Amino acid sequence: MRTVLKNGRVIDPSSGLDEVLDLAMEDHRVVELGKGLAAHTEVDVSGLSVTPGFIDVHTHEDESYDEAIYPHTQRQMALMGVTTMVAGNCGLGVRDIPRYLNLMEGKCLVNLAMLVPYNSLRRYLGYKSPYEPTPPGEFARLRGLMAQGLKAGAFGFSFGPEYDPGITDDEMVDQCSALRDHPGSMVAVHYRLDGELVLDSIVAVGRIGAANGVTCQFSHIGSGAAFGWMSQALDVLEKTRQQGVNILADCYPYDAWCTYAGSTCYEEQNLERMGLGHDRLLAVSGKYRGQRMTRETLADLREHDPEVRIVGFGLNEHEVLDALRHPLVMVASDGGVRDDTGHPRVTGTFPKALGRYVRAGMLDFHETLRKMTCGPADHVGLRGKGRITPGSDADICVFDPDSLEDRATFSEPLLAPAGIHHVLVDGRFAVREGRITEERAGRVLRLAAR
């Protein structure tokens, strides 16, 4: 069925198009741009911006094998204009990629691409201590599990050496050799340590790319380097790129991170190294939800409820903005909903960057939009996405740039943003007039099928 969005300001960062036009969609594709276009379904979007749907290259999937799974994270993605999400990041996520992708067929609110999470595979094989090295004799066994994910259509691998310090840099280089047989695949790496030591982590990711000729993504550079080391980190990122490695980083527009209580991140020696007191840690789930931590309550959660999510307030906002301005950094949320809660980035990332920060003159509108659309699409290899041209996928976001605003907070992280009017996935309304439609229009994306 043909649908036309009438009289919108159509913006395509890939071509530089920025003009008031009608946009026609049919059979899941953009088919025509022009004036006076007609269709059975016409929606007047006068005064609104019509852009490619946002692509979130760093998310965390809904973890469930329940046949009645409801995609909570995807719901929040759609509400903030995201039409495609890449999940399985930081080495953490569902182990059985084939089963998960089959389960999600026909149930997605937005398009879903997956990475194979290496840390989760290690734990499946019985390595419960994050510091326990992986015996080289187990590499082949792990590669077999990773190969299952690739065969099912995963876009590559992810590693989280901060979460499992037992994973060595040489191990990551060696295991990513499996990606050589999968053209277009990628590897995303959560750094080993933050602050000054994050510089070594960028170099380590560059080694993976140089050795294997694979696309690399350095995860959430803001939470790794916005402790006074962002300028140096961006310099190392640039040098790595100049050496021929296809590397970009991602960043969310917040001065606080979030991870699970049992993470090595919240070990006392790491908090001391970062100069963080317990009062700068906030539980956003569990029995202490909404409370600042003490040494005792943090120890309690780490021992008895290690999956509780804790936010750490310790990043410099001006350094986060430096990252978001850099041409080698994409906008991404690192978002995921757990127990109906989380960090406000899961609902506010794109509206905050493109609305609040753009209006304040801190970010450029067109460049920020590029970092959310065609930039990530080209990096990941999502053909047909991230652009508005005849023949491209009909993944569209319609919003009011003047009222676009993140409303999610640390106490209410799932509040929908203001200013997002419509979100179309595959030409169907996932969000209409600011409300989720429950339309399961998203597709499971598979590398082999691109």
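Values in this document were obtained by computation on a predicted structure and should not be read as measured data.

Chemist: Can you break down the overall build of the chain residue by residue, with the values?
Modeler: Secondary structure summary: the chain contains 14 helices and 21 strands in total. In terms of overall dimensions, the chain is globule-like: its C-alpha atoms have a radius of gyration of 21 Å, near the 22 Å expected for 450 residues. Projected onto the principal axes, the alpha-carbon positions of the chain cover approximately 65 × 45 × 45 Å. Within the span of the chain, comprising 450 residues, buried residues form 62% of the whole.

Chemist: Tell me about the nonpolar core, and please be specific about residues and values.
Modeler: Judged by nonpolar contacts, the single largest core of 125 residues is most densely connected at Phe54, Phe159, Val187, Ile221, Ile310 and Leu354. When residues of this core are assigned to their parent elements, the largest contribution, 6 residues, is made by helix H12 (residues 345-359). Each residue touching Leu354, except ones within four places of it in the same chain, is listed here: Phe54, Phe365, Thr368, Leu369, Met372, Phe399 and Leu404. Counting 17 residues, the second largest nonpolar core, distinct from the first, contains Leu5, Leu17, Ile396 and Phe429.

Chemist: Break down the pairing of strand S16 (residues 309-313) for me, citing the residues and quoting the values.
Modeler: Judged by how many residues are buried, S16 sits mostly within the fold: 5 of 5 residues are covered. Going residue by residue along S16, you find Arg309, Val311 and Phe313 tucked away on one face and Ile310 and Gly312 tucked away on the opposite face as well. Relative to S16, strand S15 (residues 281-283) runs antiparallel, the two sharing 3 bridges. Of the residues in S16, the one forming a bridge with Ala283 is Ile310.

Chemist: Break down helix H6 (residues 198-212) for me, with residues and values.
Modeler: Helical geometry: 3.6 residues make up each α-helical turn, so side chains three or four residues apart lie on a common side. The terminal C-alpha atoms of H6, which comprises 15 residues, lie 22 Å apart, in line with the 21 Å expected from a rise of 1.5 Å per residue. Along H6, the positions that sit buried rather than exposed are Val198, Leu199, Ser201, Ile202, Ala204, Val205, Gly206, Ile208, Gly209 and Asn212. On its buried side, H6 packs onto helix H5 (169-175), strand S11 (186-189), strand S12 (215-218), helix H7 (221-225), helix H8 (230-242) and strand S13 (247-251). Remark: Gly213 follows H6 within two positions and exhibits a positive phi of approximately 65°.

Chemist: How would you explain the side chain of Glu162 if you had to name every residue and give the values?
Modeler: Looking at the element boundaries, Glu162 is found in the loop between strand S10 (156-159) and H5. Summary of buried charges: Glu162 has no salt-bridge partner, and the nearest side chain of opposite charge, Arg273, is 5.2 Å away. In terms of polar contacts, Glu162 uses its side chain to reach the side chain of His190, at 2.5 Å.

Chemist: Lay out the packing of helix H2 (residues 97-104) against helix H4 (residues 139-152) with the relevant residues and their values.
Modeler: Helix packing geometry: the angle between the two helix axes and the distance between the axes. Here H2 crosses H4 at 25°, and the two axes come no closer than 8 Å. The orientation of H2 with respect to H4, classified from their angle, is roughly parallel. Side by side, H2 and H4 meet where Ile97, Pro98 and Leu101 of the first sit next to Gln148, Gly149 and Ala152 of the second. Of the residues in the contact of H2 with H4, the class split is 4 nonpolar, 2 polar and no charged.

Chemist: I'd like to hear about the sheet that holds S11, residue by residue, with values.
Modeler: With parallel pairing, 6 strands are arranged side by side in an open sheet as S9-S10-S11-S12-S13-S17. The two strands at the open ends of the sheet, each matched to only one other strand, are strand S9 (116-117) and strand S17 (329-331). Alignment of S10 against S11, held across 4 bridges, turns out to be parallel. Within S11, the position partnered with Phe159 by the bridge is Val189.

Chemist: Tell me what's going on with unusual backbone geometry, and back it up with residues and numbers.
Modeler: Across the chain, the bulk of peptide bonds are trans and the bulk of non-glycine residues have phi less than zero. Located in the positive-phi region is Asn7, a residue other than glycine, with phi close to 65°. Here Asn7 is to be found in strand S1 (residues 3-12). Judged by its relative accessible area of 36%, Asn7 falls in the partly exposed class. Unusually for a residue other than glycine, Cys90 sits at a positive phi of about 65°. Here Cys90 shows up in the loop between strand S7 (82-87) and H2. Classification of Cys90 by relative accessible area gives buried; the value is 2%.

Rules used in this analysis
Residues numbered from 1 in each chain as written. Predicted model: local features only at pLDDT ≥ 70, side-chain atom pairs only at ≥ 80, totals over all residues. Heavy atoms only, no water. Helix = DSSP H or I, 4+ residues; strand = E, 2+ residues; numbered from the N terminus. Rg over C-alpha atoms; globule rule 2.2 N^0.38 Å. Buried < 20%, exposed > 50% of the residue type's maximum accessible area, 1.4 Å probe, protein only. Core = buried A, V, L, I, M, F, W, Y, C linked by side-chain atoms within 4.5 Å. Contact = heavy atoms within 4.5 Å. Pairing = 2+ DSSP bridges. Expected span 1.5 Å × (residues − 1). Lys, Arg positive; Asp, Glu negative; His and termini not counted. Salt bridge = Lys/Arg side-chain N within 4 Å of Asp/Glu carboxyl O. Polar contact = N/O pair within 3.5 Å; in protein donor to acceptor, adjacent residues only side chain to side chain. Axes fitted to C-alpha atoms, helices over the stretch in contact; angles between N-to-C directions. Parallel < 35°, antiparallel > 145°, perpendicular 65-115°, else oblique. Nonpolar A, V, L, I, M, F, W, Y, C, P; charged D, E, K, R; others polar.

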